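Descriptive analysis of the structure
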Amino acid sequence: MKIGIFRRRPKLQKIWQFFSRLTERFVYGVDVLVETLWRIWTDLLDVLGIDASNLTHYFSPAAVANNPTRVLMLVVAILLAYWFASLLLGFFFYVLHIMFGRFFWLVRVSLFALSCIYILQKYEGEPEHAMIPLCFVVAVYFMTGPVGPYWRRSGNNNNNLEDKIDHLDNQIRLLNIRLTRVIESLDRASEQ
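Each value, and the rule that gives it
Residues numbered from 1 in each chain as written. Predicted model: local features only at pLDDT ≥ 70, side-chain atom pairs only at ≥ 80, totals over all residues. Heavy atoms only, no water. Salt bridge = Lys/Arg side-chain N within 4 Å of Asp/Glu carboxyl O. Helix = DSSP H or I, 4+ residues; strand = E, 2+ residues; numbered from the N terminus. Patch = residues over 30% accessible without salt bridge, like charges linked within 9 Å, V, L, I, M, F, W, Y side chains within 5 Å. Areas by Shrake-Rupley, 256 points an atom, 1.4 Å probe, with all protein chains shown as cover. Buried < 20%, exposed > 50% of the residue type's maximum accessible area, 1.4 Å probe, protein only. Phe/Tyr/Trp six-rings, centres within 6.5 Å; stacked < 30°, edge-to-face > 60°. Lys NZ or Arg CZ within 6 Å of the ring centre and 35° of its normal. Expected span 1.5 Å × (residues − 1). Polar contact = N/O pair within 3.5 Å; in protein donor to acceptor, adjacent residues only side chain to side chain. Axes fitted to C-alpha atoms, helices over the stretch in contact; angles between N-to-C directions. Parallel < 35°, antiparallel > 145°, perpendicular 65-115°, else oblique. Contact = heavy atoms within 4.5 Å.

Within an unreviewed UniProt entry, the label attached to the protein reads BRI3-binding protein isoform X2, and the organism entered is Xenopus laevis.

Structure below.
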């Protein structure tokens, strides 16, 4: 079906080839980045004395009983990696938000689409292996949404904890006043 359309319309074929080459280059670039980050991660684990080629070995009950400090070091390394990744991700999206302002949502959607394209291109023959990376990308997409720190306005520094507590206290007082009025009106209605 696609071949027949491309035979009749050579412009579509050129556009298809352009996007095909573009996605291949994008996937290659991301592969190089991920491989570099993985090498840095394995070097960090090697410095800590953890064999990065067999990480599941450290979670077996025998390994925990023999050397609990290595398991503790692995957990610390994972937490450190998570903290560093969240810090970099937060900084990256903060810079993007500053650069693009109102159009940050467009950049976010574009990055999400490119990430999905990368994963689907990478696991083209085996879609069951693409589920975990896709779930991770969707989770990052939602974590970087309106609940992220770069969405909050930095000009509202006056709203500190005490102001928020005062606001909640005023809301509770208003609710109490309304509740007493409703109870009084129900008492008057029941007396009549």
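All chains considered together, the criterion is met by four salt bridges. Among the salt bridges present, the one from lysine 122 reaches aspartate 31, with a minimum N-O distance of 3.0 Å. One end of the pair, lysine 122, is in helix α5 (residues 104-122); the other, aspartate 31, is in helix α2 (residues 10-47), with 91 residues separating them in the sequence. Arginine 39 is the salt-bridge partner of glutamate 35, the closest N and O atoms lying 2.7 Å from each other.

Before going further, it helps to spend a moment on a nonpolar patch on the surface. On the surface, Leu44, Leu48, Met73, Leu80, Trp83, Phe84, Leu87 and Leu88 cluster together to form a nonpolar patch covering roughly 720 Å² of accessible area. Looking at methionine 73, the relative accessible area reads 31%, which means it is partly exposed.

Attention shifts here to the packing of aromatic side chains. As enumerated under the stated definition, the model contains two aromatic pairs in all. Summarising the aromatic geometry, the rings of phenylalanine 18 and phenylalanine 19 are spaced 5.3 Å apart at their centres and angled 65 degrees between planes, so their arrangement reads as edge-to-face. Look at phenylalanine 18 and you get partly exposed, because its relative accessible area is 46%. Note on phenylalanine 19: relative accessible area 45%, which makes it partly exposed. Note on phenylalanine 112 and tyrosine 141: the rings are 4.5 Å apart at their centroids and 35 degrees apart in plane angle, and the pair reads as tilted. Of this pair, phenylalanine 112 sits in helix α5 while tyrosine 141 sits in helix α6 (residues 131-143), and the two are 29 residues apart along the sequence. Residue class for phenylalanine 112 comes out partly exposed when judged on its relative accessible area of 25%. On the accessibility criterion, tyrosine 141 (19% relative accessible area) is buried. Here the basic side chain of arginine 108 rests over the ring of tyrosine 141, its NZ or CZ set 4.1 Å away from the ring centre.

Looking now at α5. Relative to the 27 Å expected for 19 residues at 1.5 Å per residue, α5 spans 27 Å between its end C-alpha atoms, a close match to the ideal helical length. Those residues of α5 lying buried are Phe104, Val107, Arg108, Cys116, Tyr118 and Ile119.

So, on to the side chain of threonine 42. Checked against the element boundaries, threonine 42 lands in helix α2. Only 2.9 Å separates the side chain of threonine 42 from the backbone oxygen of arginine 39, close enough to count as a polar contact.

Moving on to the packing of helix α4 (residues 68-100) against α5. Where α4 contacts α5, the axes come no closer than 8 Å and their chain directions differ by 135 degrees. Between α4 and α5, the crossing angle belongs to the class labelled oblique. Of α5, the residues touching α4 (which contributes Phe92, Phe93, Leu96, His97 and Phe100) are Phe104, Val107, Arg108 and Leu111.

Right, let's get into α4. With 33 residues, α4 should reach 48 Å at 1.5 Å per residue; the first-to-last C-alpha distance of 48 Å fits that figure. Looking only at α4, the buried set comprises Val71, Leu74, Ala77, Phe93 and Leu96. A positive backbone phi angle near 55 degrees is found at glycine 101, which sits one or two residues after α4.

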